[in-house]
Amino acid sequence: MTLHETASPSTVDGLAVVVVAAGSGTRLGYGMPKALVPVAGRTLLEWALGTVREALPAASVVVTVPAGDTELSAVARGMGAAAVTGGATRAQSVARALAALPGRTTHVLVHDAARCLTPPAVFERVVTALSAGSRAVVPVTEVTDTVRGVDSEGRSAGTVDRSALRAVQTPQGFERELLERVNAAAGLLSGPAPSNPAKEGVQGPGPAGPAGPGVPRGHAAHRAVAQGRDPEGITDDASLVERYAPEHPVDLVAGHAESFKITRPVDLLLARAVVESRA
Ligand code: C5P
């Protein structure tokens, strides 16, 4: 990436954005992939890609779509993005998108289509941190609920000090080499990225292969991946860095309340209200 400490993030070279949209949307209960659900006349994917384009007009964009999809792929292509078939889990979808990045990519943002209203300022904060030398950066917000731990039986284990907690959002930003390395270590991605640029409509590269250097075959993470599960304790991209490259700190920037993830029907009500308030 060209480092312009004071320049707009839109001038950055070598930046790619992975927008994961291959989820089924079961919890939303709309009977269609979540990214196709409309909010004020536009699908979630259109909102998400609109923000990415606004914040980072020069970035390459790769969208993960469900197997057999045609509609989300058409939306992606119509907005200048490539579409790849996602995997069984979010992490596996991200890995498939990484395998389809343009060869010139040096830095990657990974963003949930389900966080379709993330303000451009959040993208800019993440890119600015990468420009300043961060190798892994996530947007976070303070936790507003009181949080209580529970034991394995579901019994209360006491209140957790929420001042020491942060809720993690996307887009999460990474140096490409680091993100690929930790995906390989987890068994999500085999070998180095291909040098061929992502093509419009390209489909995914098939199941992830065995891991990178130093990780023995039969490793628990690899068994999980082979069974279509995520490695235990891995809930986002940054947690892969913490697990497999702990020498690299994960830096934090401010997220935004409007960057909430649309998961349940009530989140759609909130999204419609946010869109109305912006009009
Ligand atoms: O299910 P959840 O909302 O937590 O998923 C977060 C994001 O990951 C969504 O945008 C969803 O479309 C995406 N995803 C994916 N591939 C999967 C599962 C989820 O791209 N297998």
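Residues numbered from 1 in each chain as written. Predicted model: local features only at pLDDT ≥ 70, side-chain atom pairs only at ≥ 80, totals over all residues. Heavy atoms only, no water.

**Description of the overall build of the protein**
Right, so step 1: A count of helical and extended segments in the protein gives 8 helices and 12 strands.
Right, so step 2: Each of the 279 residues in the protein was classed as buried or not, and the buried ones make up 50%.
Right, so step 3: Roughly 12,800 Å² of accessible area belongs to the protein as shown, and the carbon and sulfur atoms make up 53% of that amount. (Helix = DSSP H or I, 4+ residues; strand = E, 2+ residues; numbered from the N terminus. Buried < 20%, exposed > 50% of the residue type's maximum accessible area, 1.4 Å probe, protein only. Areas by Shrake-Rupley, 256 points an atom, 1.4 Å probe, with all protein chains shown as cover.)

**Considering the site of the ligand**
Right, so step 1: Near the ligand, the surroundings consist of 16 residues, among which Val 20, Gly 23, Lys 34, Ser 93 and Lys 261 are the closest.
Right, so step 2: Within the backbone of Ala 21, a nitrogen or oxygen atom sits 3.5 Å from an oxygen atom of the ligand.
Right, so step 3: Between Thr 89 and the ligand, the recorded distance is 3.3 Å, taken from a backbone N or O atom to a nitrogen atom.
Right, so step 4: Classifying every residue of the shell around the ligand gives 6 nonpolar, 5 polar and 5 charged. (Near = heavy atom within 4 Å. Polar contact = N/O pair within 3.5 Å; in protein donor to acceptor, adjacent residues only side chain to side chain. Nonpolar A, V, L, I, M, F, W, Y, C, P; charged D, E, K, R; others polar.)

**What about unusual backbone geometry?**
Right, so step 1: A cis amide bond, omega 10°, links Thr 170 with the succeeding residue Pro 171.
Right, so step 2: By the secondary structure assignment, Pro 171 is in the loop between strand 10 (166–168) and strand 11 (172–175).
Right, so step 3: Backbone geometry at Ala 40 places phi at a positive 50°, although glycine is not the residue there.
Right, so step 4: By the element assignment, Ala 40 lies in the loop between strand 2 (38–39) and strand 3 (42–43).

**Topic: the nonpolar core**
Right, so step 1: Core analysis: the largest hydrophobic core is formed by 43 residues, its most contacted members being Val 19, Leu 45, Leu 56, Val 63 and Leu 109.
Right, so step 2: Looking at this core, the elements with two or more residues in it are strand 1 (15–20), helix 1 (44–55), strand 4 (60–65), helix 2 (71–78), helix 4 (120–131) and helix 8 (265–278).
Right, so step 3: Ranked by the residues each element gives to this core, the list is headed by helix 1, at 7 residues.
Right, so step 4: In this view, Val 63 contacts Val 19, Ala 21, Leu 45, Leu 49, Ala 76, Ala 81, Ala 82, Ala 83 and Val 84; residues no more than four positions away in its chain are not counted. (Core = buried A, V, L, I, M, F, W, Y, C linked by side-chain atoms within 4.5 Å. Contact = heavy atoms within 4.5 Å.)

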